[in-house]
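# Fold and contact review
Now for the letters of each chain:
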Amino acid sequence: QVRLVESGGGLVQAGGSLGLSCAASGSIFVDNAMGWYRQAPGKQREFLASITSSGGRTKYADSVKGRFTISSRSAKNTVSLQMNSLKPDDTAVYYCNLVQIGREFWGQGTQVTVSS
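All of the points below concern the structure found in this document. (Residues numbered from 1 in each chain as written. Predicted model: local features only at pLDDT ≥ 70, side-chain atom pairs only at ≥ 80, totals over all residues. Heavy atoms only, no water.)

### Some remarks on the overall build of the protein
If you tally the helices and strands in the protein, you get zero helices and 11 strands. Starting at the N terminus, the α and β elements of the protein follow one another as β-β-β-β-β-β-β-β-β-β-β. On C-alpha atoms alone, the protein measures out to a radius of gyration of 13 Å, which is about the 13 Å that the 2.2 N^0.38 rule sets for 116 residues. Overall, the protein is about 40 × 25 × 20 Å in size when its C-alpha atoms are taken along their principal axes. The burial tally for the protein puts 38% of its 116 residues in the buried class. Within the protein, counting contacts between residues at least 6 apart in sequence, those at least 24 apart form 52% of the total. (Helix = DSSP H or I, 4+ residues; strand = E, 2+ residues; numbered from the N terminus. Rg over C-alpha atoms; globule rule 2.2 N^0.38 Å. Buried < 20%, exposed > 50% of the residue type's maximum accessible area, 1.4 Å probe, protein only. Contact = heavy atoms within 4.5 Å.)

Below, the structure written as structure tokens:
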């Protein structure tokens, strides 16, 4: 199985920055994609960004493009999300995601709160 553990959430003022990290452990395949999603109260879970293990190809949601940056350290099976210019609308629980051989795994989530 695969276990994902997020860290780095917290409270930040609007306009500030915050970094999230996710460590994956267990049966990790060389070919995978890791990413970040978030879910605000009363809303559906939203894709934010992803990165592939081979080639480091990245994708971003339009809502965070230019403000958030995803990066990974494949050798350590970790993925990070650097969030800049944060807005109150970014307040949500942020989830780490890993996809490999057609299976999807999720972390437990970490709360990010942006105060105005």
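### A closer look at the side chain of Arg67
As for its position among the elements, Arg67 is in the loop between strand 6 (58-60) and strand 7 (68-73). Within polar-contact distance, the side chain of Arg67 engages the backbone oxygen of Ser63 at 3.1 Å. Polar contacts involving the side chain of Arg67 include one to the main-chain carbonyl oxygen of Ser85, which spans 3.0 Å. Residue contacts for Arg67: discarding those within four places in its chain leaves Gln82, Met83, Asn84, Ser85, Leu86, Lys87 and Asp90. (Polar contact = N/O pair within 3.5 Å; in protein donor to acceptor, adjacent residues only side chain to side chain.)

### Overview of the packing of aromatic side chains
Across all of its chains, the model carries two aromatic pairs by this definition. With centroids separated by 5.5 Å and ring planes inclined at 75°, the aromatic side chains of Tyr37 and Phe47 adopt a geometry described as edge-to-face. Taken as a pair, Tyr37 in strand 4 (residues 33-39) and Phe47 in strand 5 (residues 46-52) lie far apart in primary sequence, 10 residues in all. A relative accessible area of 19% means that Tyr37 is categorised as buried. A relative accessible area of 27% means that Phe47 is categorised as partly exposed. (Phe/Tyr/Trp six-rings, centres within 6.5 Å; stacked < 30°, edge-to-face > 60°.)

### Examining unusual backbone geometry
With the exception of glycine, the majority of residues adopt a negative phi angle, and the majority of peptide bonds are in the trans configuration. The backbone of Ser85 shows a phi angle near 50°, a positive value even though the residue is not glycine. Following the sequence through the fold, Ser85 ends up in the loop between strand 8 (78-83) and strand 9 (92-100). Looking at Ser85, the relative accessible area reads 41%, which means it is partly exposed.

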